[in-house]
Amino acid sequence: MKSLLLFNANIITMDEGKTYEAVLIQDGDIRDLGRNEDMLTRWPGVPSMDVKGATVLPAFFDCHVHALTTGMNALAIDVYDVTDLPALIGILKQADREYEPGRWIFCKRFDESRVSEGRPPVMAELDVIQRPVFISDRGKHYTLVNRLAYEALGIHEGIEGVRLDSEGKPNGRLQDQSNRTAQAEFFARWTAEERKRAIHTTAQRAASRGITTINAIEGLDSSDDDVPIIAEAINELKIDMRVWWNTDTIQKPLSMGWNWWGGDFLLDGSIGSRTAAFDEPYADADTCGYLNYTDDHVYTIIEESLMRDVAVSFHCIGQQGIRQALDQMEKALSAHPDKKHNHKLRLEHFGWPDEFDIARCAKLHIKISTQPAFTYLRGGPGSVYNQRLGEKRDRQAYPLRKMLDAGIVLGGGSDSDVTPMDALLGIHAAVNPPYPENAITPLEALRMYTTDAAIVAFEDDRKGKISIGMQGDLVVLDQDPLSIDPTKIKDIKVLYTIHQGKVVFSSDSPDKNK
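Residues numbered from 1 in each chain as written. Predicted model: local features only at pLDDT ≥ 70, side-chain atom pairs only at ≥ 80, totals over all residues. Heavy atoms only, no water.

J.: Help me get a handle on the side chain of T70, residues and values and all.
T.: With respect to the helices and strands, the residue T70 is situated in helix α2 (residues 67–73). A polar contact of 3.0 Å, which involves the side chain of T70, links it to the side chain of S416. (Helix = DSSP H or I, 4+ residues; strand = E, 2+ residues; numbered from the N terminus. Polar contact = N/O pair within 3.5 Å; in protein donor to acceptor, adjacent residues only side chain to side chain.)

J.: Let's hear about the pairing of strand β20 (residues 367–370): which residues, and what values?
T.: Each regular strand displays side chains that alternate between the two surfaces of the sheet. With burial as the criterion, each face of β20 is covered, one bearing K367 and S369 and the other bearing I368 and T370. Alignment of strand β19 (residues 345–349) against β20, held across three bridges, turns out to be parallel. Looking at the pairing, E348 lines up with S369 of β20. You can see the chain leave β19, run along helix α12 (residues 355–363) and come back into β20, and the turn it takes is right-handed. Here three bridges tie β20 to strand β21 (residues 410–412), and the two strands are oriented parallel to one another. (Buried < 20%, exposed > 50% of the residue type's maximum accessible area, 1.4 Å probe, protein only. Pairing = 2+ DSSP bridges. Right-handed = clockwise from strand over helix to strand, strands pointing away.)

J.: Explain the pattern of salt bridges residue by residue, including any values.
T.: A full pass over the atoms with the stated rule returns 41 salt bridges. Note that D224 is salt-bridged to K252, the shortest N-O span being 2.7 Å. Note that D224 is positioned in the loop between β15 (211–218) and α8 (226–234) and K252 in helix α9 (residues 251–255), a separation of 28 residues in sequence. Residue classification places K252 among the partly exposed residues on the basis of a relative accessible area of 26%. Between R323 and D279 there is a salt bridge; the shortest N-O distance is 2.8 Å. Placement of R323 in helix α11 (residues 319–335) and of D279 in the loop between β17 (260–266) and α10 (295–307) is noted, with a sequence separation of 44 residues between them. Take R323: its relative accessible area is 25%, and that puts it in the partly exposed class. (Salt bridge = Lys/Arg side-chain N within 4 Å of Asp/Glu carboxyl O.)

J.: Requested: an account of the sheet that holds strand β13 (residues 162–164), with residues and values cited.
T.: Within the open sheet, the six strands sit side by side as β9-β10-β11-β12-β14-β13. Their pairing is mixed. Since the sheet does not close on itself, it has two edges, and those belong to β9 (77–78) and β13, each with one partner. As paired elements, β9 and strand β10 (residues 105–110) share two bridges and run parallel to each other. Counted as the bridge partner of D78 is K108 from β10. Against the sheet, helix α3 (residues 85–98) engages β9, β10 and β11 (133–137), with an angle of about 150° to β10. Of the strands in this sheet, β10, β11, β12 (142–145), β13 and β14 (170–175) touch helix α6 (residues 176–187), which is tilted by about 85° from β14. (Contact = heavy atoms within 4.5 Å. Axes fitted to C-alpha atoms, helices over the stretch in contact; angles between N-to-C directions.)

J.: Can you tell me about unusual backbone geometry, naming the residues and giving the values?
T.: Following S416, the chain continues to D417 via a peptide bond in cis, the omega torsion being 15°. Summarising the element assignment, D417 is placed in the loop between β21 and α16 (423–431). Its identity is not glycine, yet M14 carries a phi of approximately 60°, on the positive side. Within the secondary structure, M14 is located in the loop between β2 (10–12) and β3 (19–20). With phi around 60°, F458 is a residue other than glycine that occupies positive phi space. Here F458 lies in the loop between α18 (451–456) and β22 (474–477).

J.: Please set out α6 residue by residue, giving values where relevant.
T.: Over its 12 residues, α6 extends 17 Å from the first C-alpha to the last, a length consistent with the 16 Å expected when each residue adds 1.5 Å. Among the residues making up α6, those that are buried are D176, S178, N179, A182, Q183, F186 and F187. Taken down its axis, α6 places every buried residue within 155° of arc, on the same side. (Expected span 1.5 Å × (residues − 1). Arc of directions from axis to C-beta.)

J.: So, the sheet that holds β17: which residues are in play, and what are the values?
T.: Taken in spatial order, the five strands of this open sheet run β17-β18-β19-β20-β21, and their pairing is parallel. Each edge of the sheet is formed by a strand with only one pairing partner; in this case those strands are β17 and β21. When strand polarity is set aside, the average angle formed by the axes of neighbouring strands in this sheet is 25°. Running over the sheet, α10 touches β17, β18 (311–316) and β19 and is turned about 155° from β18.

J.: With reference to specific residues and values, describe the nonpolar core.
T.: Formed by 100 residues in total, the largest nonpolar core has its most connected members in F60, I214, F314, L347, F350 and I408. Looking at this core, the element that brings in the most residues is α11, giving six residues. Contacts of I408, omitting those with residues within four sequence positions, involve F350, I358, C361, A362, I366, I368 and M403. Core analysis: the second largest hydrophobic core is formed by 19 residues, L85, L92, C107 and L126 among them. (Core = buried A, V, L, I, M, F, W, Y, C linked by side-chain atoms within 4.5 Å.)

Spelled out as structure tokens, the structure:
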């Protein structure tokens, strides 16, 4: 019987305010809890760890991670901090000088709102590089390519989403279907073993941040062909990863034995690319964004999921995307009243809900997987949200306080690699948003990444609390998030991450999964 006893701990169970000093894990599950003296007496000789007063919590969830691309992007050039296009071209030229012949230049996290020109480079500007250039937008909603990459990827003007210049020629920006095609073709060049290593890299990074459960949102920037490779890699990981497959038929996830799918059925787009769908135009462009699916298509996905008791989730950021999702969910639940209280419907992001839709979401018991770091990193005065939408709508972004007050269950995530896969940053962001009216308490924020995240991930029967019979997944922190200065939560250090009673990360050896 494999056992691990942690003692001298400040154990925050997330279970009705209960606290303890010691916890025993046996055969992967929590077996006992109590005071130091009692536990050491009851369990003599059991392998133990003195955590010296550190805080112990249920290990964190991340409810929205692009697991394959997060691992792959670890090998990309991060251009998020580029401030103008000459600097970007300079980075590309340096890579061109240093890379071996035949290697593509792969960049990630480009954000046009952060460059002084306020636009991405066009194909002619990227064509100064005499090798293929592939640049992913920060939100992965578009890709930038030079002519060599455009041709090598097999992109042509007949593919929807190829943006054209004033002369009707491709300008290097690929959105919608052309973006999906480009992403799939680019990553198809990676071998199966390279993909598996990417998944392992993501899992290791998660463990280093106290995360032992990931909802991996795949099939959008990864392809259907990637999913069996990811599934094989999952069996080798030292944390839990559940794939939410964005694909064209529910039969595919069911064939894998998965009772959940979606997660990035894109009802609308993003703020950075001005494709999230609003009722009024963007403040800096003559567009309201747009919807990607018909109501009938969305309804069909929902109804089929309800009838098969399969969890399903949709991406919706702007008002119109949220409204479309809730309209069709409400319609489907009215048609199937027996599902009203036991359905598995959830939404991703839920960025700009109207007051009516906040109340409607709570009434329908729709669960929300959301990312507090979006507004922390992208909102506030002078931010991209402020520039794109104006101050009024910037203040309305991701209103966590209103959502919780309405009774909505929120699960926290990162949308990595869009924001860092870092639960403590997410907790910090929820407590310290750009506008204080949207702030929630440290305890509420902790619930978003533990107890409530388990509910949103449909795993609350086994995870999210430190109580007897639950899975033995713990995170050990050097500070207590409930007593530290709330403005310093993001600076808390992860000392250990424990999955099913095994230490899978130690700050003494941060570069490896044990």
